[in-house]
Amino acid sequence: MDSSLSTLNCGITSVILRRKIIAALIAIGLIGGTVYLGFQSVKDNRFVIWFGLASAIVAPVGINLFSYAISSSDREIIQQLAKVPDI
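Quick caveat: nothing in here was measured; it's all calculated off a predicted structure. (Residues numbered from 1 in each chain as written. Predicted model: local features only at pLDDT ≥ 70, side-chain atom pairs only at ≥ 80, totals over all residues. Heavy atoms only, no water.)

Secondary structure assignment for the protein yields three helices and zero strands. N-terminal to C-terminal, the α/β element order of the protein is α-α-α. Looking at the protein as a whole, 15% of its 87 residues qualify as buried. (Helix = DSSP H or I, 4+ residues; strand = E, 2+ residues; numbered from the N terminus. Buried < 20%, exposed > 50% of the residue type's maximum accessible area, 1.4 Å probe, protein only.)

Okay, structure coming up:
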């Protein structure tokens, strides 16, 4: 029973890791797209409105996804605290 529990925990950990990697990649794409639109808006005025919309909507979503990707989950913190004998 203990081995099946550790296998399940390993599966959950890999799923969380995949989600965080995907979130980081999407965040880099969204923020990179906003920066690209910023450079394009300097060259051509047609991109100013798109850069404004991306700065207001897309960039905050990207920052949120990036913060999710680098933050540790509550489960990881509780597991680390459970290892400390003097709590």
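Turning our eyes to something else, we now look at the side chain of Thr-34. For Thr-34, the position within the fold is in helix α1 (residues 2-43). The class of Thr-34 is buried, set by a relative accessible area of 8%. A distance of 3.0 Å separates a polar atom in the side chain of Thr-34 from the backbone oxygen of Leu-30. (Polar contact = N/O pair within 3.5 Å; in protein donor to acceptor, adjacent residues only side chain to side chain.)

Per the stated rule, a full pass over the model turns up zero aromatic pairs. Over the face of the ring belonging to Tyr-68 we find Lys-20, whose NZ or CZ atom lies 5.8 Å from the ring centre. (Phe/Tyr/Trp six-rings, centres within 6.5 Å; stacked < 30°, edge-to-face > 60°. Lys NZ or Arg CZ within 6 Å of the ring centre and 35° of its normal.)

A few words now on the pattern of salt bridges. For the coordinates displayed, the defined rule picks out one salt bridge. Residue Arg-46 pairs with Asp-44 through a salt bridge whose shortest N-O separation is 2.7 Å. With relative accessibility at 62%, the residue Arg-46 sits in the exposed group. In this structure Asp-44 comes out as partly exposed when scored by relative accessible area, which is 24%. (Salt bridge = Lys/Arg side-chain N within 4 Å of Asp/Glu carboxyl O.)

Glancing now at a nonpolar patch on the surface. On the surface, Ile-31, Val-35, Phe-39 and Ile-63 cluster together into a nonpolar patch covering about 380 Å² of accessible area. Mapped onto the fold, Ile-63 is located in helix α2 (residues 48-70). (Patch = residues over 30% accessible without salt bridge, like charges linked within 9 Å, V, L, I, M, F, W, Y side chains within 5 Å. Areas by Shrake-Rupley, 256 points an atom, 1.4 Å probe, with all protein chains shown as cover.)

Here we take up the confidence of the model for the protein. Detailed reading of the predicted coordinates is not advisable wherever pLDDT falls low. Overall, the prediction assigns the protein a mean pLDDT of 83, with 83% of residues at 70 or greater. Element-level pLDDT for the protein is lowest in helix α3 (residues 74-82), with a mean of 73, against a maximum mean of 93 in α2. (pLDDT = per-residue confidence, 0-100.)

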